[in-house]
Amino acid sequence: QVQLVESGGGLVQPGGSLRLSCAASGISFSNYGMGWFRQAPGKQRELVARITGGGSTIYADSVKGRFTISRDNAKNTVYLQMNSLKPEDTAVYYCNVWTTAFWGQGTQVTVSS
């Protein structure tokens, strides 16, 4: 079955960086786009970034220039490099197989001094 396992979350000070990873299994990874979403307390889940199987990317306006999504098809892994983090980036981050109902369990990112 399809499994997505996120890692790399944690507590970081404003202006800091984190790199999230999402390891996928049970799918032909290179054939699928992958997305990172986030959900803050009391808010709806929102798209952060998406990457196609060929490497094309899109970003939410709120993270453009600060976050970078990438993928390693040999490792079946998608990454989210997050720089210049802000308190408003605090959320649970989820990876998703694009346009499917397959989601990871989420990883908490907290940006606070």
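As shown above, the structure is provided for reference.
Note that this is a predicted model, so its numbers are computed, not measured. (Residues numbered from 1 in each chain as written. Predicted model: local features only at pLDDT ≥ 70, side-chain atom pairs only at ≥ 80, totals over all residues. Heavy atoms only, no water.)

## Observations concerning unusual backbone geometry
Keep in mind that most residues, glycine aside, have a negative phi and that most peptide bonds are trans.
Thought 1: The phi angle at Asn 76 is positive, at roughly 50 degrees, despite the residue not being glycine.
Thought 2: Its place among the elements puts Asn 76 in the loop between β7 (67-72) and β8 (77-82).
Thought 3: Of note in the backbone geometry, Ser 84 takes a positive phi value of approximately 50 degrees without being a glycine.
Thought 4: Along the polypeptide, Ser 84 turns up in the loop between β8 and β9 (91-97). (Helix = DSSP H or I, 4+ residues; strand = E, 2+ residues; numbered from the N terminus.)

## Description of the packing of aromatic side chains
Thought 1: Scanning all chains against the criterion turns up three aromatic pairs.
Thought 2: Between Phe 37 and Trp 103, the ring centres sit 4.9 Å apart and the planes meet at 65 degrees, which makes this aromatic pair edge-to-face. Of the two residues, Phe 37 is situated in strand β4 (residues 34-39) and Trp 103 in the loop between β9 and β10 (107-111); the sequence distance between them amounts to 66 residues.
Thought 3: Ring centres 6.5 Å apart and planes at 90 degrees place the aromatic pair Tyr 94 and Trp 103 in the edge-to-face group.
Thought 4: A relative accessible area of 34% means that Trp 103 is categorised as partly exposed.
Thought 5: Pairwise contacts between aromatic rings join Phe 37, Tyr 94, Trp 98 and Trp 103 into one cluster. (Phe/Tyr/Trp six-rings, centres within 6.5 Å; stacked < 30°, edge-to-face > 60°. Buried < 20%, exposed > 50% of the residue type's maximum accessible area, 1.4 Å probe, protein only.)

## Focus: the environment of Gln 81
Thought 1: Within the fold, Gln 81 resides in strand β8.
Thought 2: For Gln 81, a relative accessible area of 26% corresponds to the partly exposed category.
Thought 3: Considering only alpha carbons, one finds Gln 81 and Arg 19, 62 residues apart in sequence, at a separation of 4.4 Å.
Thought 4: Beyond its immediate sequence surroundings of up to four residues, Gln 81 is in contact with Ser 17, Leu 18, Arg 19, Arg 66, Phe 67 and Thr 68.
Thought 5: Looking at Gln 81, its side chain comes within polar contact range of the side chain of Asn 83, at 2.9 Å. (Contact = heavy atoms within 4.5 Å. Polar contact = N/O pair within 3.5 Å; in protein donor to acceptor, adjacent residues only side chain to side chain.)

## Describing the nonpolar core
Thought 1: If you look at the biggest cluster of nonpolar residues, it comprises 28 residues, and the most contacted ones within it are Trp 36, Leu 80, Met 82 and Tyr 93.
Thought 2: Of all the elements in the fold, those that place two or more residues in this core are β3 (18-25), β4, β5 (46-51), β7, β8, β9 and β10.
Thought 3: Residues in contact with Met 82, not counting those within four places in the same chain, are Gly 16, Ser 17, Leu 18, Leu 20, Arg 66, Phe 67, Tyr 93 and Val 109. (Core = buried A, V, L, I, M, F, W, Y, C linked by side-chain atoms within 4.5 Å.)

## Focus on the sheet that holds β5
Thought 1: Spatially, six strands are ordered β2-β10-β9-β4-β5-β6 in an open sheet, and the strand pairing comes out mixed. Both edges of this open sheet fall to β2 (10-12) and β6 (57-59), since each of them pairs with a single strand only. Neighbouring strand axes in the sheet, compared pairwise and without regard to direction, differ in orientation by 25 degrees on average.
Thought 2: Inspection of the sheet shows β5 paired to β6 by three bridges, in the antiparallel sense. (Pairing = 2+ DSSP bridges. Axes fitted to C-alpha atoms, helices over the stretch in contact; angles between N-to-C directions.)

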